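One-letter residues, chain by chain:
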Amino acid sequence: MIHHGDDIPFFDDDEPGPVPPRREGSGIAARAMAARRETSVPDYLGGLNPEQRDAVVTTEGPLLVLAGAGTGKTRVLTTRIAHILASGNAYPSQILAVTFTNKAAREMKERIGVLVGGAVEGMPWLGTFHSIGVKLLRRHAELAGIRSDFTILDTDDVIRLIKQLIQAEGLDDKRWPARQFASMIDGWKNKGLTPKDIPEGDARAFGNGRGRKLYQAYQDRLKTLNACDFGDLLLHPIHIFRQHPDVLKEYHKRFRYILVDEYQDTNTAQYMWLRLLAQRPGHDTGPVNICCVGDDDQSIYGWRGAEVDNILRFEKDFPGAKVIRLERNYRSTAHILGAAGHLIAHNDGRLGKTLFTDRSDPDDAKVQVHAAWDSEEEARAVGEEIEQLQRRGEQLNDMAILVRASFQMREFEDRFVTLGLNYRVIGGPRFYERLEIRDAMAYFRMVCQPADDLALERIINTPKRGLGEASIRKLHDHARDRNIPMLAAARELCDTDEMKPKARKALYDVVTHFDRWQGLLETTPHTELAETILDESGYTEMWQNDRSAEAPGRLENLKELIRSMEGFESLRGFLEHVSLVMDAEQNEDLDAVSIMTLHSAKGLEFKTVFLPGWEEGLFPHQRALDESGRAGLEEERRLAYVGLTRAKRNCHIWFVSNRRIHGLWQSTMPSRFLDELPTDHVEVGETEMSYGGYGQSRFDRAEPFANSYGTPGWKRAQSHRSDATRDNWGTRSGHQVERIGYGESGPSGKTIEGELVARSVETTPSRFAPGDRVFHMKFGNGNIVAIEGNKLTIDFDKAGRKRVLEGFIQPV
DNA sequence: TCAGAATGATTTTTT
DNA sequence: ATCATTCTGA
């Protein structure tokens, strides 16, 4: 969370800006340029196939690169940047390159560094949407009504804040959980909606119809706290760009090239942000050199606001856009690609890519499907297979188990512990999200930013100081009355008789401590200061006295926290880093099997991949089907596709007949995705037929891909290829989120009438309307209050207000 | 203020 | 079944 004390000059980081640098004088990418002079083709282009090369050298104009799994996407992106630099068309600071994760940004930086030799330092605009958003916002904070040293709140802070607001509204915070409202706000912000933009139905659905008011109150509170949540890091810049065309124009001049990774994962807000920067109606700021790279078949984040439509609409947004498909796969065997390709062909509405490989080795194994009685046997069998591979000399690092849901991990962990097999779990609770780390961070935040009330509330009574609810309430009230931060209020209250002597003393101690630490901020090295804070506050001692099993680990984590601060300039710098980069690196040295969810496996590859739990209800997940119907099923199928295409050599799929879910044993059906695999590339394991009568007959008999050419999806994809943008995606009815009219077309006719189609928001008229009298099997009769998509809010006569799915409701 | 009891929710995850 | 959060009574 936090800050930046330094003043920020507008364009601090380089030379002139808009003027294209001279080729010879740029001093960038010297090595690449040297290579360029020696041979006619720069050597960084050497190892690329024709499509990849095309994607690299087509630097001018809009370009969409549809890059299938394992087709060298990152390589294209990094080489493209190297090429732009080497050809002298832009300074590093004139390239905007956005990724979704810090990991991707880091990787890109490294790889460009290898190609170009160190000039990456000068790429200030390579980063995640959020880190670039912060950078923009620090420069123009005042245009968003905050100061440039604003605090960035994490989800934990946000939930506590919202809870306070809900209570302040006099609402029951049990009936209206803050967590739920936080995710609603998140959803709105993903769509770029401010309080006044949200649909009436949404506004009604929360807090007895006070959703809009609460959202507004939340935004107001953020402003008072001089704080932003993650969504604001995108929304504020969008509003600044809209309201201050002069500011926007500066960036138009600045960013000569825009590159976007994982374009299929962009949400509506990110899309609006990009489009503002990329579309330049009637400016003298040059062409729209935007290059988006993505794969519609790997879009698996629809549930958190990603809009595949963004990728489907690219050619419409940027007329004259070139589309390049990367379909040559360098990762997997033909069997794996055959299985994955046949599976994904069951989806509609694809842009149509078919991965192929030249590799043809008769020894390549088919994709194996295995059956097991229950999840325990599944874990045991996978463990055995792994041990066998290990005996054959395979590295554990080359193997991964990819599960649909994290509860599946435990059984594998248990088994591997018994076997003494090294494993590592990727994902899961992250370092900076741990309780003790957050507490420590709250202390640090208070020292750097004394007005951070949320931080103070977190630790004012941790360790216990006898400052309970009543004291905090008093502090709150006083702070509110005087319109000052809580710490300042505390300072004042120490001098009055309002508090009991004991609380007053405790409060006095807290205030004195913070004053002292703030005094040390400039003079003491930050790691030392951090230690001092944790010691003097009694926080370390609190855990030392704790007899519970976790305590030693927590102390260890605190030490690790201090150690990780060493790499930073100051406490402030460290806090800023942590607020945006929540991950801590893993131990790479150990040879271990990776266990992770399919979602976190995207972008990775392993020689051998195990895919357990292919059962109806788990995969595809029942909830995805219930909540998003066909779209949900297709997303699950893409997830299966991602899973399969992670494998380089071997892929083992498992399903069981019995699985324990929420403590109850349930008998399960094999996943429909198994039916969608082609016989030619799949083999049923030895346990075949022994359980549940599962045999080859279940697979698609057809030749690989053969019947997919006849499917609606394929036909649609074909028609889309030629007649790029018309009916398929363009005119789909959806609610309009915004309309940016660059009415009069620019010189090149680049008019975009820019309606945003949010397809994933179901706009099919519901068969119900608010006020309708309905019946629910479990809750009985009630009246509809609000409708959002297929979810209805209903006041039941007996059961009270509930949110239920339309499918479970009948008209009375 | 705290420990033990009751309650409820339990896909996926980034920033 | 299990976990986390919240409530209740001492």
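All values reported here derive from a predicted model rather than from experimental measurement.

Undergrad: Please clarify how the confidence of the model for chain A should be interpreted in this entry.
TA: Scored by pLDDT, chain A has a mean of 80; 79% of the residues are at 70 or more. A low-confidence stretch, residues 1-39 (pLDDT under 50), is modelled with 95 contacts involving residues beyond four sequence positions or located in other chains. Under a pLDDT of 50 for its full length, residues 701-765 has, in the predicted model, 118 contacts with residues more than four places off or in other chains.

Undergrad: Sorry, what's going on with unusual backbone geometry here?
TA: As a rule of thumb, non-glycine residues mostly have phi less than zero, and peptide bonds are mostly trans rather than cis. Geometrically, the link from threonine 462 to proline 463 is a cis peptide bond, its omega value of -5° lying close to zero. Relative to the helices and strands, proline 463 resides in the loop between helix H19 (453-459) and helix H20 (469-482). Following phenylalanine 619, the chain continues into proline 620 via a peptide bond in cis, with omega recorded as 5°. With respect to the helices, strands and loops of the structure, proline 620 is situated in the loop between strand S13 (606-611) and helix H28 (622-644). Residues other than glycine seldom take positive phi values, yet asparagine 226 does so here, at roughly 55°. With respect to the secondary-structure elements, asparagine 226 resides in the loop between helix H9 (211-225) and strand S5 (227-228).

Undergrad: In this structure, what is going on with the layout of surface pockets? I would like to understand it.
TA: Left-over empty space is what a probe sized like a water molecule reveals as it rolls over the atoms. Taken as a whole, the second largest pocket encloses approximately 860 Å³ of empty space. Gln164, Gln167, Glu457, Ile472 and His476 are the residues nearest the centre of the second largest pocket, which is lined by 25 residues in total. Those elements giving two or more residues to the lining of the second largest pocket turn out to be helix H6 (155-168), helix H18 (435-448), H19, H20 and helix H24 (539-544). It is H6 that contributes the most residues to the lining of the second largest pocket, eight residues altogether. Partitioned by chemical class, the residues of the lining of the second largest pocket number eight nonpolar, five polar and 12 charged.

Undergrad: How do you make sense of the protein's contact with DNA strand C when you look at a structure like this?
TA: Taken together, the neighbourhood of DNA strand C is formed by Lys163, Lys174, Arg410, His662 and Gly663. In DNA strand C, atoms within 4 Å of the protein come 56% from sugar and phosphate. The side chain of lysine 163 places a nitrogen or oxygen atom 3.0 Å from a phosphate oxygen of DNA strand C. Per-class residue counts for the surface near DNA strand C are no nonpolar, two polar and three charged.

Undergrad: Got a minute to help me understand the protein's contact with DNA strand B in this structure?
TA: Within the structure, DNA strand B sits among 26 residues, and Arg404, Ser406, Lys464, Thr597 and Arg623 are positioned closest to it. Of all atoms in DNA strand B that approach within 4 Å of the protein, 62% are sugar or phosphate atoms. Serine 406 is positioned such that a nitrogen or oxygen atom in its side chain is 2.3 Å from a phosphate oxygen of DNA strand B. Note that a phosphate oxygen of DNA strand B is positioned 2.4 Å from one of the side-chain N or O atoms of threonine 597. Partitioning the surface near DNA strand B into residue classes produces seven nonpolar, 13 polar and six charged.

Undergrad: Is there a simple way to explain the packing of H6 against helix H7 (residues 178-190) in this structure?
TA: Think of two packed helices as two axes; the pair is described by the angle between the axes and how far apart they sit. Axis separation between H6 and H7 bottoms out at 9 Å; the angle between their running directions is 110°. Overall, the two elements H6 and H7 adopt an arrangement that is roughly perpendicular. H6 and H7 meet at a crossing whose hand is right-handed. The residues of H7 that touch H6, namely those facing Val158, Ile159, Ile162, Lys163 and Ile166, are Ala178, Arg179, Phe181, Ala182 and Ile185. Classifying every residue of the contact of H6 with H7 by side-chain character gives eight nonpolar, no polar and two charged.

Undergrad: Please explain the sheet that holds strand S7 (residues 290-294) as it appears in this structure.
TA: Strand pairing in a sheet relies on backbone hydrogen bonds, with the paired strands running either antiparallel or parallel. Pairing in this open sheet of six strands is parallel, and the strands run S3-S2-S6-S7-S1-S8 from one edge to the other. Of all the strands in the sheet, the pair left with one neighbour each is strand S3 (126-128) and strand S8 (322-326). Recorded for the sheet is a direction-independent mean angle of 15° between the axes of neighbouring strands. Here four bridges tie strand S2 (residues 95-99) to strand S6 (residues 257-260), and the two strands are oriented parallel to one another. Bridge pairing links leucine 96 to isoleucine 258 in S6.

Undergrad: I keep staring at the packing of aromatic side chains and nothing clicks. Help me out?
TA: The description of an aromatic ring pair rests on the distance of the ring centres and on the angle between the ring planes. Within the structure shown, the criterion is met by 25 aromatic pairs. Summarising the aromatic geometry, the rings of tyrosine 301 and tryptophan 303 are spaced 5.8 Å apart at their centres and angled 50° between planes, so their arrangement reads as tilted. Between tyrosine 443 and phenylalanine 514, the aromatic rings sit 6.1 Å apart at their centres with planes inclined by 25°, giving stacked as the arrangement. With tyrosine 443 in helix H18 and phenylalanine 514 in helix H22 (residues 501-520), the pair connects residues that are 71 residues apart, well separated along the chain. Given the relative accessible area of 1%, phenylalanine 514 is considered buried. One cation-aromatic arrangement involves arginine 138 over phenylalanine 150; the distance from NZ or CZ to the ring centre is 4.1 Å. The ring of tyrosine 301 is capped by arginine 304, whose NZ or CZ atom sits 3.8 Å from the centre of that ring.

Undergrad: Can you help me understand the nonpolar core in this one?
TA: Nonpolar side chains in soluble globular proteins generally cluster together in the buried interior. Judged by nonpolar contacts, the single largest core of 50 residues is most densely connected at Phe444, Leu507, Phe514 and Leu561. Setting aside residues no more than four positions away along its own chain, phenylalanine 514 makes contact with Tyr443, Met446, Val447, Leu456, Ile459 and Leu487. Counting residues in hydrophobic clusters, the runner-up holds 49 residues, among them Leu64, Ile132, Val247 and Ala278.

Undergrad: Explanation requested: the side chain of glutamate 385 in the structure shown.
TA: Position of glutamate 385 relative to the elements: it lies in helix H16 (residues 375-391). In this structure glutamate 385 touches Phe610 and His652, once residues within four positions along its chain are discounted.

Undergrad: How do you make sense of H7 when you look at a structure like this?
TA: One turn of an α-helix holds 3.6 residues; hence residues three or four places apart share an orientation. Here H7 is 13 residues long and its end C-alpha atoms lie 18 Å apart, about the 18 Å a rise of 1.5 Å per residue gives. Taken together, the buried positions of H7 are Ala178, Phe181, Ala182, Met184, Ile185, Trp188, Lys189 and Asn190. Considering only its buried residues, H7 is in contact with H6, helix H8 (200-205), H9, helix H10 (232-243) and helix H12 (268-278). Glycine 192 occupies a position one or two residues after H7 and carries a positive phi of about 80°.

Calculation rules
- Residues numbered from 1 in each chain as written.
- Chains lettered and ligands numbered in written order.
- Predicted model: local features only at pLDDT ≥ 70, side-chain atom pairs only at ≥ 80, totals over all residues.
- Heavy atoms only, no water.
- pLDDT = per-residue confidence, 0-100.
- Contact = heavy atoms within 4.5 Å.
- Helix = DSSP H or I, 4+ residues; strand = E, 2+ residues; numbered from the N terminus.
- 1 Å grid on protein atoms, 1.4 Å probe; cavity = no way out; pocket = protein on both sides within 12 Å on 5 of 7 lines; lining within 4 Å.
- Points joined across faces, edges and corners; volume = space filled by probe spheres on them.
- Nonpolar A, V, L, I, M, F, W, Y, C, P; charged D, E, K, R; others polar.
- Near = heavy atom within 4 Å.
- Polar contact = N/O pair within 3.5 Å; in protein donor to acceptor, adjacent residues only side chain to side chain.
- Axes fitted to C-alpha atoms, helices over the stretch in contact; angles between N-to-C directions.
- Parallel < 35°, antiparallel > 145°, perpendicular 65-115°, else oblique.
- Left-handed = near helix turned anticlockwise from the far one by under 90°.
- Pairing = 2+ DSSP bridges.
- Phe/Tyr/Trp six-rings, centres within 6.5 Å; stacked < 30°, edge-to-face > 60°.
- Buried < 20%, exposed > 50% of the residue type's maximum accessible area, 1.4 Å probe, protein only.
- Lys NZ or Arg CZ within 6 Å of the ring centre and 35° of its normal.
- Core = buried A, V, L, I, M, F, W, Y, C linked by side-chain atoms within 4.5 Å.
- Expected span 1.5 Å × (residues − 1).

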